[in-house]
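# A closer look at the structure
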Amino acid sequence: MFTKAKNIDTAFRHIRIFTLVVVCGSIVFCCYSLYKSYELVQTAQGTVYILAEGKVLDAYASQRRDNIPVEARDHVASFHRLFFTLDPDDKTISSNVSKALYLADGSAKKQYDNLKESGYYTGVISGNISQQIQIDSVEVDISIYPYFFKCIGMQRIIRPTSIVSRRLVTEGYLRTVSRSDNNPHGFLIEKWTTIENKDISVQNR
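Computed from a predicted model, the values in this text were never measured in an experiment. Position numbers for residues count from 1 along each chain, tracking the sequence in the order it is written. Residue-level local features of this predicted model are given only where pLDDT is at least 70; pairs of side-chain atoms are given and counted only at 80 or more, and the full residue set underlies all totals for whole chains, interfaces and linings. To obtain the side-chain values, all non-hydrogen atoms of the structure were included, while hydrogens and water were left out.

## Structural notes on the sheet that holds strand β4 (residues 147-158)
Rule in force here: Note: two strands are recorded as paired if DSSP finds a minimum of 2 bridges between them. Secondary structure elements follow DSSP: runs of H or I of four or more residues count as helices, runs of E of two or more count as strands, with numbering from the N terminus. Orientation is described by lines fitted to C-alpha atoms, with helices fitted over the stretch in contact, and by angles between N-to-C directions that extend from 0 to 180 degrees.
Strand order in this open sheet of four strands is β3-β4-β5-β6, and the pairing throughout is antiparallel. With one partner strand each, in any of the chains shown, β3 (130-141) and β6 (187-204) form the two edges of the open sheet. Between one strand axis and the next, the sheet turns by 15° as a mean value, whatever way the strands run.

Structural data, given as structure tokens:
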């Protein structure tokens, strides 16, 4: 009789241990499943599918701070290309400059007004002059806000009789603003100044 009771007690202990192991294993498995599900959802939320010419492409979202240097450099380069790319057509000049002025504050508008009052754009149109710019480098310091930038580029002024190459160096600051169709990067150029603008070569045509 005592042997049977002892066997029953031993069996009960074994069943209890087995049950605890199963319960603990189930809890661990549930926790792991929840973690992996959360991780999968976060990954899915950071993925955007783009349909381009019948092909589905993956685009991954990221924090803006990861892209600040890239976006800032492109913003500065875009502004300079719009502001300094000129053709002998008043509508083209007005369109490019208008787009550029959305990317900068009154310091750019002041330079535009000075050029306009001095007859620079009238001379471009009457002289059949085209002006192009190549951006060599844009340096942006994101350690201090607003972000300081320095842009170095090469201008080509194409006249009917010559092509003038000119080195252009400008600097200023960037502050963040709301993104819009006119300002997709969400930056505004402030205190923009030209620190060097000199001819380096003249080629006769």
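## Let's talk about the nonpolar core
The line we're drawing: In this description, a nonpolar core means a group of buried Ala, Val, Leu, Ile, Met, Phe, Trp, Tyr and Cys residues linked to one another through side-chain atoms lying within 4.5 Å. Here's how the labels work: a residue is buried when its accessible area is under 20% of the maximum for its type, exposed when over 50%, partly exposed in between, all with a 1.4 Å probe on protein chains only.
Within the largest apolar cluster, 29 residues are counted, with the highest numbers of intra-cluster contacts made by F79, F83, Y121, L174, I189 and W192. Every element with two or more residues in this core is listed here: α2 (64-84), α3 (90-101), α4 (106-117), α5 (120-126), β3, β4, β5 (162-176) and β6. Looking at this core, the element that brings in the most residues is α2, giving six residues.

## A look at unusual backbone geometry
Put simply, Y145 and P146 share a cis peptide bond, and its omega is 0°. Within the secondary structure, P146 sits in the loop between β3 and β4. Within the chain, N128 stands out as a residue other than glycine whose phi angle is a positive 50°. Along the polypeptide, N128 turns up in the loop between α5 and β3. Its relative accessible area of 52% is what places N128 among the exposed residues. If you check the backbone angles, K191 has positive phi at about 50° while not being a glycine. Relative to the helices and strands, K191 resides in strand β6.

Purely geometric numbers; function is a separate question.
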